[in-house]
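Descriptive analysis of the structure
Each chain, letter by letter, is given below.
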Amino acid sequence: PPPPPPPPPPPPPLFFFKHTTAYDLGVRLVGSEMCIRDSLMNLSKANEIISLIANIGVIASIIFLGLEMSQNTDMMRSQTRNAMTENQMNFFEGIIESRNFAETFIAIREDSDNFPTGTPERMQYTFFFLTQLRMWENEWYQYQQNLFDAAEFESRLELWDYSMNFQINREVWDTQRYSFSTLQA
């Protein structure tokens, strides 16, 4: 008898799984591994977005701080100017309100010998001029702190030079300059 026919091949399985090696697993991700990878990528993107927003917030804060400092500097200049104007007005009230002092002011500037050392008029004028020197010292300090414009300070220097042309003012300055920290003659 003839040999029996070979048995038919087994039917193919419903699901075909390729046998993978350890190398293949490292290269390709499957199932839950892909979910983990995707969630990590989404977390990384979220981190980048949060970092970007935080950096924008820091930059905006720095810009805001710069604007606030500029406004504060302007306000300080304004307040300084107001205080200096008030000081000058108070300074000149002595001459405006007292006719006797106004006369002393004129006479002592014409000739300091009109009122010798030790007279009440000389003492009054000395303290009056010391007040002027203190105002100049303050203006010099404000100028050094950039709270006084250079052009505006220039007029103060011209007034200083003019005032120092009077003998009495030079005498007061020469005897009292040690008590001033920032003025220069």
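Before reading on, note that the structure itself is shown above.
Below is a summary of the structure that appears in this document. (Residues numbered from 1 in each chain as written. Predicted model: local features only at pLDDT ≥ 70, side-chain atom pairs only at ≥ 80, totals over all residues. Heavy atoms only, no water.)

1. Observations concerning a nonpolar patch on the surface
A surface patch of nonpolar side chains, amounting to about 300 Å² of accessible area, comprises I59, I63 and L67. Assignment of secondary structure puts I63 in helix α2 (residues 31-97). I63 gets classed as exposed once you look at its relative accessible area, which sits at 53%. (Patch = residues over 30% accessible without salt bridge, like charges linked within 9 Å, V, L, I, M, F, W, Y side chains within 5 Å. Areas by Shrake-Rupley, 256 points an atom, 1.4 Å probe, with all protein chains shown as cover. Salt bridge = Lys/Arg side-chain N within 4 Å of Asp/Glu carboxyl O. Helix = DSSP H or I, 4+ residues; strand = E, 2+ residues; numbered from the N terminus. Buried < 20%, exposed > 50% of the residue type's maximum accessible area, 1.4 Å probe, protein only.)

2. Examining the pattern of salt bridges
Pairing is possible between side chains of opposite charge, provided their charged atoms come close. Here the structure, examined in full by the defined rule, presents five salt bridges. Where R156 meets E139, a salt bridge forms, and the shortest distance between an N and an O atom there is 3.1 Å. Remark: E139 occurs in helix α4 (residues 120-144) and R156 occurs in helix α5 (residues 150-163); sequence separation between them is 17 residues. Comparing R156 with E139 shows no difference in burial state: the two are buried. Taking the shortest distance from any N to any O, the salt bridge between R177 and D174 comes out at 3.9 Å. Judged by its relative accessible area of 37%, R177 falls in the partly exposed class.

3. A look at the packing of α4 against α5
Across the interface, α4 lies against α5 with an axial gap of 11 Å and an inter-helix angle of 150°. Considering their axes alone, α4 and α5 lie roughly antiparallel with respect to each other. In this structure, α4 meets α5 at a crossing whose hand is left-handed. Residue-level inspection shows F129, L133, W136, E139, W140 and Y143 of α4 in contact with α5, the latter providing A150, F153, R156, L159, W160 and S163. Considered class by class, the residues forming the contact of α4 with α5 number nine nonpolar, one polar and two charged. (Axes fitted to C-alpha atoms, helices over the stretch in contact; angles between N-to-C directions. Parallel < 35°, antiparallel > 145°, perpendicular 65-115°, else oblique. Left-handed = near helix turned anticlockwise from the far one by under 90°. Contact = heavy atoms within 4.5 Å. Nonpolar A, V, L, I, M, F, W, Y, C, P; charged D, E, K, R; others polar.)

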